[in-house]
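Survey of secondary and tertiary structure
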Protein chains: 4
Amino acid sequence: MYSTDAPATQDRQQRPEDRFSMTPFATLIEQYKAIFFDAYGVLKNAHGLIPGIDGTIDALIAADKPFYVLTNDASRSPDQLADSYARLGLPTITADRIVSSGMLAREYLQLKVNHGTVAYLGTDTSAHYIENADLHALPIRAVNLDDAADITALVLLDDEGFDWNTDLNKTINLLRRRNIPVIVANTDATYPVRGQQVAVAIGAVADMLERIVGKQFIRFGKPDAQLFMFAYDLLREKMPISKNEILMVGDTLKSDILGGNKFGFDTALVLTGNTPVEDVDLRIKATGIIPTYVCESAAV
Amino acid sequence: MYSTDAPATQDRQQRPEDRFSMTPFATLIEQYKAIFFDAYGVLKNAHGLIPGIDGTIDALIAADKPFYVLTNDASRSPDQLADSYARLGLPTITADRIVSSGMLAREYLQLKVNHGTVAYLGTDTSAHYIENADLHALPIRAVNLDDAADITALVLLDDEGFDWNTDLNKTINLLRRRNIPVIVANTDATYPVRGQQVAVAIGAVADMLERIVGKQFIRFGKPDAQLFMFAYDLLREKMPISKNEILMVGDTLKSDILGGNKFGFDTALVLTGNTPVEDVDLRIKATGIIPTYVCESAAV
Amino acid sequence: MYSTDAPATQDRQQRPEDRFSMTPFATLIEQYKAIFFDAYGVLKNAHGLIPGIDGTIDALIAADKPFYVLTNDASRSPDQLADSYARLGLPTITADRIVSSGMLAREYLQLKVNHGTVAYLGTDTSAHYIENADLHALPIRAVNLDDAADITALVLLDDEGFDWNTDLNKTINLLRRRNIPVIVANTDATYPVRGQQVAVAIGAVADMLERIVGKQFIRFGKPDAQLFMFAYDLLREKMPISKNEILMVGDTLKSDILGGNKFGFDTALVLTGNTPVEDVDLRIKATGIIPTYVCESAAV
Amino acid sequence: MYSTDAPATQDRQQRPEDRFSMTPFATLIEQYKAIFFDAYGVLKNAHGLIPGIDGTIDALIAADKPFYVLTNDASRSPDQLADSYARLGLPTITADRIVSSGMLAREYLQLKVNHGTVAYLGTDTSAHYIENADLHALPIRAVNLDDAADITALVLLDDEGFDWNTDLNKTINLLRRRNIPVIVANTDATYPVRGQQVAVAIGAVADMLERIVGKQFIRFGKPDAQLFMFAYDLLREKMPISKNEILMVGDTLKSDILGGNKFGFDTALVLTGNTPVEDVDLRIKATGIIPTYVCESAAV
């Protein structure tokens, strides 16, 4: 990226109606037939539920409005993710309302890799997505590089569950020996942890491994269209609905909003996660990713 | 990309059944419920129809098998593309069988940019996709940078139809003034021309402009999933069909085959276009993009 | 680049003495044994000399302090660049004080390409750097792709002097046929033209060509160290001097300041070119490129 | 990188004299006034000295020809590197003949960062380069993110010596809080380990961190010119010598050969390291990096 222009100097011909004022989320619930939510920074964060989100979910259920959680998190199965919402006080976010990048990886394995062993980097619970595709899952630490002819794919699921000091090298050496597809479920570069800190997510690791190995990996996390398509198809089985009757709500411009816009949904950027209020205008101008709305929070 | 490993040194544990032998295309027609074809290098090239393709199309029609042409070419409308097939001797490739990246750009404009003027780089015929979205299309050369408040989007459609000596600079200066979405329809980097030569396509130009401007462009050409989804949805309206009952046929690993595999289709790489026979093994190993089949040609 | 953190949220532990106050350039002239100047945005701009620069040059000559102009501009020979300064009112910027990226390209040709014909993209005057290496220079438009066995290198010198509609394709096809070194003299992505506008420079074009061709080009423009080294060596022939006794003055963080800092010079960012005063803090934090000083201008 | 052209299809107009035949290294020793050697894959590998290298070093000393080792390895001090050569049977590779990327990082710290604490990722022995610049070195694990106002720079020295599971995140969070220069000494992406395997080097990690943080890091390892310049300057203090009287010997095209060529040295690619004999032609054509000579080994 070459650009040196600070966003402040752009858009001299911006029309007043392009400036973002905060939209109360409650008004958005009324306007859309269905809502898709990102998880972290929208429904919950490192400290628990975003305040007031329970009210939002209650309102949607009361209005009989379908909603889904679209998440790049592939660390656990949908059932386990639903359990975690229940423990947070949202038992109505059931497994059937959750679409995770792991599910897209699983669908790929079912269609394209229907035999052999699938190696992975991730938590033991993330292996669900491989086992659920009727394949044998093998964590990289258990791979024997000299006896890897059975390995037919590699899936990068989560930053936890493996030893970075040993398993990244092992992954590279596996890919040097076996010409197998590499599927990246969670494509996030970082994720927020307590205090204003972040941690490296498996998406950034995947990019590093891809640069080293030189082959083309397959990516399913937002902003890729297939996660949005998966949820859209689930919805279309239930009711006739067009793309702009759906609102995608996210805290991150480059995954939730870019992907939602590109797919054709209306989008709402909330400020309870990755995008602090003081940075909104700057980032929208810097990235050129323009949400339909900006809301302080997804709480009604 | 860091990799210095020549593909020849990889895959020591490759199993014999992974080696590609040529598959006669006729056997594939029998096995799939529907076929999706890339255009250039598969159905036609700079010299006209690929020999024998008329036989393939005839066979599909005789078998009442649906087929679509999935092309990144956004230089003309589907009707005009259909006309060009008719002139080449394939009148049965009708406009309703053609899915072009321009159609995805149009859908985006209809959903997300429903007012104002849309600037574009491309041929006058490519402006169809903007006008067909009920928007006013303005070629970059006609844009007045001092009076551009009406411009609500920019679409990059084709490498022809504009003056590279003046209009690339103008495009950049427009994007420095207006914070508008930039849609890249044809994402190809190059396209083949007569004698073993290539020409720079608008996709490579888009990448250069994006690096200069520093904003995130929206891309719809293969390998992006939405082109495949558009065709898949058209098909699903006609008949129940699952992804692996569809064969995507292409000549380019990084667009047709990567995108087709990722979406869940079976894929066939043909050698009548971008991938010469002497390079197949090398490129499959170098890129890690593995077609389900390799065929000399899509001719039966 | 993944970062979504707006610079405003960083550097909470910044010490007061890290904040930039403007330094009067006159005080810097006293403190350094030699000054290196970038050209555009420092000494001159599209409208002529930066006001007061003549005073700066006079002061340097009066103090018998060596100075050099370090420029990525390879469009003309040093003599022609000196002539242009004379016409602007600075006859004391003589050819022997000018170090251009074209000179580095010439040195490379002299050492590494000592026979054959060197093709180029650039102005006819830029061909000086090839001819001055005792090689035959051939503009891309004059290349016969079917008879190019004599071509032993390609140099990318300037964005003007060739037809972008035809010569970029021709360049790519030449590189597909001949495995020859490609030297990029001017690596700038854009350059400013009248009225807040920019034009694409040959550096951005080179990056696009390199991505298409897939080979590694050789780059000599700032921030590459060799331009700084060339000037440093000229100076060291005249006087003993260490790196931090030299001040590099530039208007662009990512070329002048980054390269100057990395080489070991002290650096001064001036605000008369690419970096407007309102963006200084933002860009220094966003890029992490920190000049030793910030000055409104290089005028005393 | 877009290129899909397999090298085999290029260079139809290649002249016979461009084809590489092996050059006996002994003949090269005669032709050059000084030799610069890369370390790994040229002088030594994971198993010890490359067979016959002792003969080469003896021949150079007997001929009173200066030689230097130019290495991206910043894991230990020059004295420690010299000790390791002595243990391998080459006591004549003394510390004064070694130029490591760590020395360039040290020089930068001396010129640009002359106070405060310098954080680092690397072995305890790599901290030499910071301490040798009269600065306090602090491994990332010992950094207190809430009390980091004293930290004035970060140096990335080696892949060993820290816990990847914790210290990469810590590094990112430090850079989010402090706007400090980041110096990458060893820019290698991988390094070979026993039995055809590789390990991720700190250069690839640096690239990942840079993409996450979004700031511009400073890199000193080959192919950057400054490592070559450092050695060239040491040599020029001893004897008058021009660039093409020096031969750079390396096993890696993209660091040793690219950097050596660009700097103006003649270069010899040896096949005892990263570039196996069966891949030479392929890689030279694929990368466009063309050594002056190819030798089986640097043994005489």
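If you check an unreviewed UniProt entry, chain A appears there as HAD-superfamily hydrolase, subfamily IIA from Fibrella aestuarina BUZ 2.

A closer look at helix α9 (residues 253-263) of chain D
All names here are of chain D. α9 sits mainly inside the fold: 10 of its 11 residues count as buried. Among the residues of α9, Leu-253, Ser-255, Asp-256, Ile-257, Leu-258, Gly-259, Gly-260, Asn-261, Lys-262 and Phe-263 are the ones counted as buried. Backbone geometry just downstream of α9 places Gly-264 in the positive-phi region, at approximately 115 degrees.

With respect to the nonpolar core
General note: in soluble globular proteins, nonpolar side chains tend to be found buried as a group. Grouped together as the largest cluster of nonpolar side chains are 154 residues, with contacts concentrated most on Phe-37 and Leu-109 of chain A together with Phe-37 and Leu-109 of chain B. Sequence-distant contacts of Leu-109 of chain B, defined by excluding residues within four places in its chain, comprise Asn-114, Val-118, Tyr-129, Ile-130, Ala-133, Leu-135, Ala-153, Val-155 and Ile-183 of chain B. Ile-50, Phe-67, Ile-241 and Ile-289 of chain D belong to the second largest nonpolar core, which has 153 residues in total.

Brief notes about the domain arrangement of chain A
Residues and elements named next belong to chain A. The assigned domain composition of chain A is domain 1 (25-72 + 223-295) and domain 2 (103-219). When each unit is reduced to the centre of its C-alpha atoms, the spacing between domain 1 and domain 2 is 27 Å. Across the domain 1/domain 2 interface, buried area totals approximately 820 Å², and carbon plus sulfur atoms make up 61% of it. Where domain 1 meets domain 2, there are 2 residue pairs in polar contact (both at pLDDT 80 or more). By residue class, the composition of the side of domain 1 that touches domain 2 is 3 nonpolar, 3 polar and 1 charged.

A word on the interface of chain B and chain A
Contacts between the two partners involve 61 residues from chain B and, on the opposite side, 61 residues from chain A. Of the roughly 5200 Å² buried at the junction of chain B and chain A (both faces included), carbon and sulfur atoms supply 46%. Between chain B and chain A we count 7 salt bridges in total. The partner of Arg-236 of chain A in a salt bridge is Asp-233 of chain B, and the shortest N-O contact between them spans 3.0 Å.

Topic: the sheet that holds strand β8 (residues 151-156) of chain B
Reading across from one edge, β7-β6-β8-β9-β12 (chain B) is the order of the 5 strands in this open sheet, with parallel pairing throughout. At either margin of the open sheet sits one strand with a lone partner, and together these are β7 (136-139) and β12 (218-219) of chain B.

Section: unusual backbone geometry
All names here are of chain A. Cis geometry marks the peptide bond from Lys-222 to Pro-223; its omega dihedral reads 10 degrees. Mapped onto the elements, Pro-223 comes out in the loop between β12 (218-219) and α8 (225-238). The backbone of Asp-64 sits at a positive phi, close to 55 degrees, despite the residue not being glycine. Relative to the assigned elements, Asp-64 resides in the loop between α2 (53-62) and β4 (67-71).

Cut-offs and rules
- Residues numbered from 1 in each chain as written.
- Chains lettered and ligands numbered in written order.
- Predicted model: local features only at pLDDT ≥ 70, side-chain atom pairs only at ≥ 80, totals over all residues.
- Heavy atoms only, no water.
- Buried < 20%, exposed > 50% of the residue type's maximum accessible area, 1.4 Å probe, protein only.
- Helix = DSSP H or I, 4+ residues; strand = E, 2+ residues; numbered from the N terminus.
- Core = buried A, V, L, I, M, F, W, Y, C linked by side-chain atoms within 4.5 Å.
- Contact = heavy atoms within 4.5 Å.
- Domains from an automatic or database assignment.
- Buried area = accessible area lost by both parts, 1.4 Å probe.
- Polar contact = N/O pair within 3.5 Å; in protein donor to acceptor, adjacent residues only side chain to side chain.
- Nonpolar A, V, L, I, M, F, W, Y, C, P; charged D, E, K, R; others polar.
- Salt bridge = Lys/Arg side-chain N within 4 Å of Asp/Glu carboxyl O.
- Pairing = 2+ DSSP bridges.

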